[in-house]
Amino acid sequence: MRDVVVLGAGMHPWGKFESKSVTALCRDAVSAALADAGVAWREVEAVAAASSRFSGGKGWGLSGNDVVEDLGSTGVPVYNLSAGCAAGGNAFAIGRLLVASGAHDLVVVVGGEKLPKGFIQTSGVEDLNDPEYLRQLCVGMPGPAFWAFLARRRMEEHGTTERDFAAVAVKAHQVGKHNPNARFRKEFTLEEVLASPLVADPLHLYEICPVSDGAAAVVLASAERARRHTSRPIRVAASAVATARFGDGIPRGLASVVPDGPTLHSEAARAVREALETAGVGPRDVDLVELQDNTVYYELAFPEEWGLVEPGESERMVAAGETLPTGRLPINPSGGFLCFGEATTAQGLFQICELTAQLRGECGPRQVPDARIGLAQTLGLGGNGTAVVLSR
Amino acid sequence: MAQDATGGTPVVEGLFAQTADGPRLLGSRCSGCGTPYFPRASVCNHPECPGGTLESAAFGPAGTLWSWAVQNYPPPPPARYDEPYSPYTLGLVDLAEGLRVLARLRSADPARLRAGMAVSLVLAPLCRDASRGELLTWQFEPA
């Protein structure tokens with residue numbers, strides 16, 4: 001396998017853009033990534049796209065084909081990758097393989113999304129064989145309630161308080177307000193977070209991420225090809241994909257088995273541990289983490305599940321400012337999902353854009369000082385987990 | 001303690017039954033590795049299963065509460081509820097048979113719930129349907 005680098009990164013800001021198509025959002029993101037890389041569209045040899053079931057000109061999740069047609073049909077191979085909210089990380093892994101294998105020198109990875117209003121509805125089929133349909137029909141448990149279960153369990157197990165959770169949201173906006181690509185750029189006090197509506201007790205509105213529109217893209221190149229363009233490449237040290245392990249205790253349908261060990265998102269843990277191992281990076285070597293904070297709960301639980309911090313340590317770290325860009329383990333200096341909202345398939349790629357900008361030292365007030373190694377992680381419906389390690 | 005509802009129609013057939021010993025969830029158990037499934041399953045998904053057949057099994061009524069959440073806003077379709085909407089509590093319950101089951105909790109003040117508390121399976125109204133009448137689903141309540 002050859003070394004692969006992120007040669008260019010580009011984003012369309014996150015928000016709600018009713019008059020703009022998802023293809024137009026992707027065009028802006030890809031154009032920005034190409035300009036950043038210093039290459040022309042006609043030089044791109046393949047496209048890996050995070051495919052959406054929510055939006056796109058053709059429907060059917062042919063997101064990459066829409067992008068290629070729009071930018072100019074050069075006849076290049078297109079791979080449309082579907083992995084729910086982990087699709088961006090999944091497409092990135094395939095894009096990296098396309099270059100690492102020697103099949104291509106220059107590959108674009110893109111994800112874009114326009115989501116319907118309201119919380120994400122994961123199903124949509126009326127079929128009693130569909131576990132998601134059955135679950136909603138018989139019990140009625142939208143996504144935020146799933147996150148509330150996990151948050152409540154942490155309160156019972158670790159003594160986490162509502163103020164501990166709110167502190168994570170306060171921190172997210174404290175840094176996210178400096179990110180011009182974030183959708184919500186306003187600071188909140190602890191009291192304001194706690195006064196926001198209890199969506200799914202114990203979680204408040206400002207503690208969960210809403211849906212957004214957005215797009216992000218990167219240009220991947222072989223290290224050899226990249227030498228023509230830059231003397232300071234951002235290296236893809238690892239890109240891992242995993243799925244859930246049987247019996248991890250996370251109920252993905254109406255029931256699961258009671259786990260032998262702790263309940264955890266095994267797909268995320270496996271992807272992260274594999275990525276760190278492949279990169280040859282220890283937990284203490286990671287300079288910053290972009291993790292999937294659909295809710296504040298994950299920002300406390302994930303670093304512990306991945307061995308980055310000791311179990312039960314997260315609340316104290318947030319309170320001490322150790323997860324700020326200037327802290328011991330900066331988490332989501334981009335502002336994370338809480339400040340961006342979720343444009344499902346694009347999320348994994350906005351994280352890569354943030355890591356790239358951080359490792360280049362381009363992030364201004366939210367810059368992690370002297371960042372050298374960054375970790376990004378996504379989690380998607382169907383038990384999909386991805387993790388990426390970038391280094392300079 | 002509320003009584004099990006005796007009238008009404010199951011919201012979906014084949015998921016639960018009222019037996020001589022009380023309400024039960026209808027699922028399967030693998031003869032090879034013992035893994036329990038709800039609802040019924042036709043194949044075992046356990047990656048280390050030595051091989052077996054799935055046999056009918058009934059689960060409940062005793063369980064312990066693993067976690068809970070209060071659904072404070074009306075859920076989107078296909079979830080069902082009576083108008084006007086009133087928030088309900090959801091629970092994840094660990095059954096003695098090794099199953100973690102999602103359900104609504106009834107007769108439960110959320111402020112008094114604790115992880116590990118004993119709960120019991122009941123069949124109880126979900127909502128009233130214009131054509132099918134009262135719809136029943138499986139729920140849990142403090143034991």
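Going by the structure above, here's the rest.
Notes on the structure in this doc start here. (Residues numbered from 1 in each chain as written. Chains lettered and ligands numbered in written order. Predicted model: local features only at pLDDT ≥ 70, side-chain atom pairs only at ≥ 80, totals over all residues. Heavy atoms only, no water.)

Topic: the nonpolar core
Among the nonpolar cores identified, the biggest contains 142 residues, and Phe92(A), Val218(A), Trp306(A), Leu375(A), Leu390(A), Trp138(B) and Phe140(B) are the most heavily contacted of them. Beyond its immediate stretch of four places on either side in the chain, Leu375(A) contacts Val272(A), Leu276(A), Val286(A), Leu288(A), Val289(A), Glu290(A), Trp306(A), Leu308(A), Leu355(A), Ala387(A), Val388(A) and Val389(A). The next biggest cluster of nonpolar side chains, apart from the first, holds 27 residues, and it includes Cys26(A), Ala33(A), Leu34(A) and Val219(A). (Core = buried A, V, L, I, M, F, W, Y, C linked by side-chain atoms within 4.5 Å. Buried < 20%, exposed > 50% of the residue type's maximum accessible area, 1.4 Å probe, protein only. Contact = heavy atoms within 4.5 Å.)

Regarding helix α5 (residues 143-158) of chain A
All names here are of chain A. In this model α5 runs 23 Å from its N-terminal to its C-terminal C-alpha over 16 residues, within 8% of the 22 Å that 1.5 Å per residue would give. Of all the residues in α5, the buried ones are Pro 144, Ala 145, Phe 146, Trp 147, Ala 148, Phe 149, Leu 150, Ala 151, Arg 152, Arg 153, Arg 154 and Met 155. Downstream of α5 by a residue or two, Gly 159 has a phi angle that is positive, lying close to 75°. (Helix = DSSP H or I, 4+ residues; strand = E, 2+ residues; numbered from the N terminus. Expected span 1.5 Å × (residues − 1).)

What about the sheet that holds strand β8 (residues 234-243) of chain A?
Residue and element names in this part refer to chain A. Read from one edge of the open sheet, nine strands run β3-β2-β4-β7-β1-β8-β12-β11-β10, paired in mixed fashion. Of all strands in the sheet, those with a lone pairing partner are β3 (78-81) and β10 (288-290), marking the two edges. Sheet twist, expressed as the mean angle between neighbouring strand axes with direction ignored, is 20°. Relative to strand β12 (residues 384-391), β8 is paired through eight bridges, and the arrangement is antiparallel. Bridge assignment links Val 241 to a residue of β12, and that residue is Thr 386. Along the sheet, helix α2 (residues 63-71) contacts β2 (46-50), β3 and β4 (106-114); its crossing angle with β3, the most-contacted strand, is approximately 140°. (Pairing = 2+ DSSP bridges. Axes fitted to C-alpha atoms, helices over the stretch in contact; angles between N-to-C directions.)

Quick look at the interface of chain A and chain B
Facing the 36 residues of chain A at the interface are 42 residues of chain B. The junction of chain A with chain B conceals about 3300 Å² of combined surface from both sides, 69% of it contributed by carbon and sulfur atoms. When the buried surface of chain A facing chain B is broken down by residue, Val139(A), Phe149(A) and Phe246(A) rank first, second and third, together holding 20% of it. Applying the counting criterion to the chain A and chain B interface returns zero salt bridges. Put simply, chain A and chain B have 15 residue pairs in polar contact (both at pLDDT 80 or more) between them. Its residues assigned to classes, the side of chain A that touches chain B shows 24 nonpolar, seven polar and five charged. Strand direction decides the pairing type here: strand β5 (residues 198-201) of chain A and strand β6 (residues 62-71) of chain B, joined by two bridges, are antiparallel. Note that in β6(B) the partner of Asp201(A) across the bridge is Val70(B). (Buried area = accessible area lost by both parts, 1.4 Å probe. Salt bridge = Lys/Arg side-chain N within 4 Å of Asp/Glu carboxyl O. Polar contact = N/O pair within 3.5 Å; in protein donor to acceptor, adjacent residues only side chain to side chain. Nonpolar A, V, L, I, M, F, W, Y, C, P; charged D, E, K, R; others polar.)

What to know about the layout of surface pockets
Residues and elements named next belong to chain A. By volume, the second largest pocket amounts to about 340 Å³. Contributing to the lining of the second largest pocket are 15 residues, with Glu 157, His 158, Pro 262, Thr 263 and Glu 305 lying nearest its centre. Within the residue set of the lining of the second largest pocket, elements represented by two or more residues are α5 and α10 (296-305). A total of five residues in the lining of the second largest pocket trace back to one element, the largest contributor, which is α5. Here the residues of the lining of the second largest pocket are counted per class, giving seven nonpolar, two polar and six charged. (1 Å grid on protein atoms, 1.4 Å probe; cavity = no way out; pocket = protein on both sides within 12 Å on 5 of 7 lines; lining within 4 Å. Points joined across faces, edges and corners; volume = space filled by probe spheres on them.)

Some words on the pattern of salt bridges
All names here are of chain A. In the structure shown here, the tally under the stated rule is 27 salt bridges over all chains. Where Glu 313 meets Arg 316, a salt bridge forms, and the shortest distance between an N and an O atom there is 3.1 Å. For Arg 316, a relative accessible area of 44% gives the class partly exposed. Arg 328 is paired through a salt bridge with Glu 322; the nearest N and O atoms lie 3.8 Å apart. In this structure Glu 322 comes out as buried when scored by relative accessible area, which is 18%.

Let's talk about empty space enclosed by the protein
All names here are of chain A. One pass over the structure, following the stated rule, counts one cavity of 30 Å³ or more. By volume, the largest cavity amounts to about 60 Å³. As for the largest cavity, its lining consists of Val 22, Thr 23, Cys 26, Ser 52, Ser 55, Gly 56, Gly 57, Ser 63, Asp 66, Val 67 and Gly 112. For the lining of the largest cavity, the secondary structure elements donating two or more residues are α1 (22-37) and α2.

Honestly, that's just the spatial picture; any functional story needs more than this.
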